[in-house]
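What the coordinates show
Letter by letter, the chains look like this.
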Amino acid sequence: MSSSDQQEPQAVRPLEVLYCQICTFPPEYCEFGSSLKRCKEWLQGAHPQLFDKYYSDEALQSKIGTLSLEAQAKLEKDSAKKEAKAEAKADAALKKKMASQVSIKRIERNKRKHVTAIHGLEAFDIELKKAAKFLAQKFATGASVTKNAQGQDEIVVQGDVSDDVLELIEGGAGPLKGVPADNVVIIEEKKKK
């Protein structure tokens, strides 16, 4: 066998798939997501040629042309309802986030020993384990994520570091970015005898 008989197979390149930055679906499936309006805006700005392919007047007419009039009306009504529901959900999440409070408690353990408990960070989409690790490294102490008496997660840091944690939150350091300083409350709690 000569070398010309054994040709190496041509390497097949993988397909490059574009995903929507809003709903994380491919652009042709954005209509099945909950935020079609925002997806369309993103696609029009980032990839106008794909927007024309999927959402131009000609493309929409060709899609709708295959449906009956009743199905068209139902489709438009359902899509308007989905968009309104998605917008209401986003508004409710934003209101809940802005109404949430982060409480920093200084708890007395023994006569002169204290721990600092930070509660309410999960409302601002902060990963508690990463934040606990960041605080442990920052203050060179132990920090862990535990459940409090109400059954909610909180970060417990050894030592009296409540003022320092407040400064970190106000400065937006590390994983604590995105917490408004107005929503932070410091509470001092003494051990009950």
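Scroll up to find the structure.
The present account deals with the structure reproduced in this document. (Residues numbered from 1 in each chain as written. Predicted model: local features only at pLDDT ≥ 70, side-chain atom pairs only at ≥ 80, totals over all residues. Heavy atoms only, no water.)

1. Here's the deal with the pairing of strand β2 (residues 114–119)
With respect to burial, β2 is a largely interior element, 6 of its 6 residues being buried. The alternating pattern of β2 places His-114, Thr-116 and Ile-118 and Val-115, Ala-117 and His-119 on opposite faces, both of which are buried. The pairing of strand β1 (residues 102–108) with β2 spans 6 bridges and is antiparallel. Its bridge partner being in β2, Glu-108 is matched across the sheet by His-114. For β2 and strand β4 (residues 153–158), the ladder comprises 5 bridges, and the chain directions are antiparallel. Paired with His-119 across the strands is Glu-154, a residue of β4. (Buried < 20%, exposed > 50% of the residue type's maximum accessible area, 1.4 Å probe, protein only. Helix = DSSP H or I, 4+ residues; strand = E, 2+ residues; numbered from the N terminus. Pairing = 2+ DSSP bridges.)

2. Here's the deal with the pairing of strand β3 (residues 143–147)
Two elements, β3 and β4, share 5 bridges in a ladder whose sense is antiparallel. Of the residues in β4, the one forming a bridge with Thr-146 is Glu-154. Once β3 ends, the chain turns through 5 residues before running back antiparallel as β4, passing Gly-151 with a positive phi of about 85°.

3. Concerning the side chain of Arg-106
Locating Arg-106 in the fold gives a position in strand β1. Here the side chain of Arg-106 touches His-114 through a polar contact of 3.0 Å, side chain to side chain. (Polar contact = N/O pair within 3.5 Å; in protein donor to acceptor, adjacent residues only side chain to side chain.)

4. Regarding unusual backbone geometry
Most peptide bonds take the trans form, and the phi angle of most residues other than glycine is negative. Notably, Thr-24 is not glycine yet its phi reads approximately 65°, a positive angle. Turning to its location among the elements, Thr-24 is positioned in the segment before α1 (36–46). With a phi angle near 55°, Ala-140 is a residue other than glycine that sits in the positive phi range. The topology assignment puts Ala-140 in the loop between α5 (128–139) and β3. Classification of Ala-140 by relative accessible area gives exposed; the value is 71%.

5. A word on the packing of aromatic side chains
Following the criterion strictly, the structure yields 1 aromatic pair and no others. On the numbers, 6.3 Å between centres and 35° between planes, the contact of Tyr-29 with Phe-32 is tilted. On the accessibility criterion, Tyr-29 (45% relative accessible area) is partly exposed. For Phe-32, a relative accessible area of 56% puts it in the exposed group. (Phe/Tyr/Trp six-rings, centres within 6.5 Å; stacked < 30°, edge-to-face > 60°.)

6. Description of the sheet that holds β1
As summarised here, the arrangement of the 5 strands in space is β3-β4-β2-β1-β5, forming an open sheet in which the pairing is mixed. A strand with exactly one partner marks an edge of an open sheet, and here the two such strands are β3 and β5 (184–189). Each strand axis lies, on average, 25° off the axis of its neighbour in the sheet, ignoring direction. Packed on one face of the sheet, α5 meets β2, β3 and β4 and runs near 10° to β4. Against the sheet, helix α6 (residues 162–171) contacts β1, β2 and β5, and its axis sits at roughly 165° relative to β1. (Axes fitted to C-alpha atoms, helices over the stretch in contact; angles between N-to-C directions. Contact = heavy atoms within 4.5 Å.)

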